[in-house]
Amino acid sequence: MADNILEVKHLKKYFKTSRGMLHAVDDINFTLERGKTLGLVGESGCGKSTTGRVILRLLEPTDGEIIFEGKDISKLSKSEMRHMRKDMQIIFQDPFSSLDPKKTVSQIIAEPIIENKIIKGKLAREERVLELMDTVGLAERYINTYPHELDGGRRQRIGIARALAMEPKLIICDEPVSALDVSIQAQILNLLKDLQKKLGLTYIFITHDLSVVNHFSDDIAVMYLGQIVEKAPAEELFDNPVHPYTQALLSAIPIPELGHQRQRVQLKGEITSPIEPPAECRFAKRCLMCNEEVCKKTVPQLIEISPNHFVACPLKQKELGFNV
Amino acid sequence: MDKNEERDILRIENLNVRFETEDGVVHAVNGIDMKLGYRKTLGLVGETGAGKTTTALAMLRLVPNPPGVVECDRLEIDGQDVRGMSASKLEQVRGKEISMIFQDPMTALNPVFTVGEQIAESIEIHEHLSKEKALEKAGDMLELVGIPRQRANEYPHQFSGGMKQRVVIAIALACNPKLLIADEPTTALDVTIQAQVLELMNELKEKYDTSMIMITHDLGIVAEVCDDVAVMYAGRIVEQGSLEEVYGKTMHPYTEGLFNSLPNIKNRQAMLKPIHGLMPDPTNLPEGCAFAPRCNYATEECKKACPALRNVGGTHMVACVRYEKDPNFMIDRRKQNG
C-alpha cells in the first residue's frame, strides 16, 4: 500500500459575505504520497491558496477531514494543532511581507526553534541557524543583516530556512517563486528540489505558472472556482488534458520558441460567481463545448477515467462511456 | 535625411538615464541605441532593474527630474525631435503619436470617473471633438476591445482585472497612436485572460498599423508577438536582432542564461540551469562587462572594458568580448542548436 502522508476528504471552506456564502473551497478530495509533490494550479481566485491554508488550519475548515499521518487534524484543539504544525510548514509567496522587518536573519530563523523549544542553549541554537543557512545557500556573512538589505531571492531563502527549522515532513509552497526574476526563480526551484531529495520532504506546490508546476510536480490538480476539475500525473496531464478548462489553460501558455504553432482553446463569457454558486458545472458559462442538457443539471464529480487520471467534466465522462 | 531614416518611427542614440540620489548615482540606462521601423513590434526583455521601464519613460520624457537626469544624442519619434519639445507640444504628442500601457491596470485608472469618460478624455483633447462625440467614440473603442458599450457608464471597480486592462488598452489606442509602448501589459493577468489580451493587441496592431514596443520579462510572450528583440542587462542592450536571430542563433551568454532558467514544458526531467549570483548594484557597476561576474564564459579580458554592441550578420548585434577575441567562440546553446 502506498504510504500516504496526507489525505483530504470533502474539504470545504465557505466565507460569509453580505451577498451570501462564498464557496472558496468546495468539496476537495486528494491523497498525497510521502516524498512526492502535488501541484495545485489555477487562476487567481480559484481557491488554491485557501486550500493550502485550510490544510494547515491557518483558516478553519467549514467541513471535511484532513488526515495527516493517519490522524484527522481538522478536529484538533489549538494546542494540539500547535504541536502538529512542527511537521507541516508553509513558504509564502511574498518574501517582502512575510518576514519581520525588525528582526535579523538569525533571529527570524531561530524564532521557531526557540518558540517550540527544539534546541536548548544559545550556542547549539546558533550552530543550527548556521547549518540551516548553509542548507539553503545563504552565506554566513548575512547572519546579522535585516530582510530589507537583501534581494528577493535571498529573502525567499530565509523563508525556506525558517520552514526547515522545524524539520517538517510536509511543506506547503504558496507561489514561492512568483515574485522572483526568472534567473533567481530557477535557483530557488533547484534548491527546493535538492532539499526534497536530501530530506525526504513532501510538497504541496501552489502556483498559477503551468510551466513551473510541470517541471516541479509528480501529480497536478487543476482547480476552478473552488473545485478540482482534473487531477493526473504531471506528464499525463500535459500530454493528454481532458477537461476543457485544462485544455484552455495549457494552450494559453506562451512558449519561448520559434515557430511554435498551436490551436488556442478559446474561452467565452463571464465567470460564474463563487457566491452561492448554482448546482451545475462552474465552468459551463465559459466553456465552448457546454451542453445545457448535461452540464447544467448537477455538480460534476471527479471520475477516474484512466489509472490516476481524474476528470470532472460530465460531457467528457459521457463520451468515454461512463454513467453520469 | 535619407530614405532609410524616414522609415523609422523611433530613433534613439546614446540614451543615458541616471538618478542622482542621496545614496549615490544610480546608472539606470547606459548608452542605448534603438531604432524601430513602422508596423514593427520590438520586444524589450530583461529582469527587474535592467532599465526597461526607465528607457520607455525616457522616450515619453516622463522621467522625474530631479532625481532623474536624461541625456541622449538623438530622440526622435516619427521624425520629430522630442528632446527640446515644449511642454504644450509634448502634451500633443503624448497620447496622440505615442501612448503607453502601464503594467498595473488596477492603479492606472482613475477610480472616480467612469471608464467611458476616461477614454473620451484623450479623444476630446487630441481630436478636438465635442464631449458627446468623444463619448460616442469611447463607446466604439470599448466595443473594439470586446466590452459592450453599455458598460461605458460604469466605474473601474466594477470591472475584473482583464477587463480593466482592456479599458487601459482602449485609452491607449483611442487616438490611433503611431507608437504604442506596452509595459508588461499582461503580467497582472491570468494566463487565459493574458492570451485573450495578447490576441486583441495583435489584431489591433494590424488594423491600425501601429508600431509597438513590448516590455516584458516573459520570453514566451516575445516569441508570440514580436518581430525584433532587444535583451537588456544593467542598463545596456547586450543582444538585439530579429526574433529568428536572437532565439534561433542566440549569442550572448546572458540571453542563454535566461533561456536555461525557464522550465522546459516538453522535457520535464531537464534540470534548470540558473544564472548564479545577482544583478550588479546600479550605483556601482563593474568596470568591464556588467554580466562578467555571473558569466560562465568570462575571462580576464571581460573584466577590463565594457564591450560595445557589434554587428554579427543581418540585424543581429551582440555585446560580448569573447567573440571579438576568438572567432570560433560559441556558447553551449549554439552548439546544441547546430
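Basis of the calculations
Residues numbered from 1 in each chain as written. Chains lettered and ligands numbered in written order. Predicted model: local features only at pLDDT ≥ 70, side-chain atom pairs only at ≥ 80, totals over all residues. Heavy atoms only, no water. Helix = DSSP H or I, 4+ residues; strand = E, 2+ residues; numbered from the N terminus. Buried < 20%, exposed > 50% of the residue type's maximum accessible area, 1.4 Å probe, protein only. Contact = heavy atoms within 4.5 Å. Areas by Shrake-Rupley, 256 points an atom, 1.4 Å probe, with all protein chains shown as cover. Lys, Arg positive; Asp, Glu negative; His and termini not counted. Charge placed at Lys NZ, Arg CZ, Asp CG, Glu CD. Expected span 1.5 Å × (residues − 1). Salt bridge = Lys/Arg side-chain N within 4 Å of Asp/Glu carboxyl O. Core = buried A, V, L, I, M, F, W, Y, C linked by side-chain atoms within 4.5 Å. Axes fitted to C-alpha atoms, helices over the stretch in contact; angles between N-to-C directions. Parallel < 35°, antiparallel > 145°, perpendicular 65-115°, else oblique. Left-handed = near helix turned anticlockwise from the far one by under 90°. Nonpolar A, V, L, I, M, F, W, Y, C, P; charged D, E, K, R; others polar.

Colleague: Let's hear about the overall build of chain B: which residues, and what values?
Modeller: Each helix and strand counted, chain B has 13 helices and 13 strands in total. In terms of overall dimensions, chain B has C-alpha extents of about 65 × 50 × 45 Å along its principal axes. When the 338 residues of chain B are sorted by exposure, 51% land in the buried category. Contacts spanning at least 24 positions in sequence make up 64% of the contacts within chain B whose residues lie at least 6 apart. Accessible area of chain B: about 15300 Å², with a carbon and sulfur share of 48%. The averaged location of the 49 negative side-chain charges in chain B is 4 Å from the averaged location of its 38 positive side-chain charges.

Colleague: So, helix H7 (residues 161–173) of chain B: which residues are in play, and what are the values?
Modeller: Residue and element names in this part refer to chain B. The end-to-end C-alpha distance of H7 is 18 Å, a good match for the 18 Å that 13 residues give at a rise of 1.5 Å each. In terms of burial, H7 is largely enclosed, as 11 of its 13 residues are buried. Looking at the buried residues of H7, the elements they touch are strand E7 (98–101), helix H4 (105–108), helix H5 (115–127), helix H6 (131–144), strand E8 (179–183) and helix H8 (191–208).

Colleague: I'd like to hear about the pattern of salt bridges, residue by residue, with values.
Modeller: Applying the stated criterion across every chain yields a total of 38 salt bridges over all chains. Residue Arg286(A) pairs with Glu43(A) through a salt bridge whose shortest N-O separation is 3.9 Å. Placement of the pair is Arg286(A) in the loop between helix H9 (244–251) and helix H10 (292–295) and Glu43(A) in the loop between strand E3 (37–41) and helix H1 (48–55), with a sequence separation of 243 residues. Taken as a pair, Arg286(A) and Glu43(A) share a single burial class, namely buried. Salt-bridge contacts for Glu300(B) lead to Lys303(B); the nearest nitrogen and oxygen are separated by 3.7 Å. On the basis of relative accessible area, Glu300(B) is assigned to the exposed category, the value being 56%. Via salt bridges that share partners, Asp3(A), Arg34(A), Glu69(A), Asp87(A) and Lys169(A) belong to a single interconnected network.

Colleague: How would you summarise the nonpolar core if you had to cite specific residues and measurements?
Modeller: Nonpolar side chains tend toward joint burial in soluble globular proteins. Formed by 67 residues in total, the largest nonpolar core has its most connected members in Ile101(B), Ile119(B), Ile169(B), Met214(B), Val229(B), Tyr247(B) and Tyr254(B). Of the residues forming this core, the biggest block, seven residues, is contributed by H7(B). Among all residues touching Tyr247(B), those that are not within four sequence positions of it are Pro256(A), Glu257(A), Leu258(A), Leu219(B), Val222(B), Ala223(B), Val229(B), Phe259(B), Arg333(B) and Asn337(B). Ranked by size, the runner-up nonpolar core spans 38 residues in total, among them Leu132(A), Ala161(A), Ala165(A) and Phe216(A).

Colleague: Residue-level account of the packing of H7(B) against H8(B), with values.
Modeller: Residue and element names in this part refer to chain B. Between H7 and H8, the shortest axis-to-axis distance is 10 Å and the interhelical angle comes to 15°. The angle between the axes of H7 and H8 places the two elements in the roughly parallel class. Once H7 is placed against H8, the crossing between them reads as right-handed. Of the residues in H8, those in contact with Gly-162, Arg-166, Ile-169 and Leu-173 of H7 are Ile-193, Gln-196, Val-197, Leu-200, Met-201 and Leu-204. Tallied by class, residues from the contact of H7 with H8 come to seven nonpolar, two polar and one charged.

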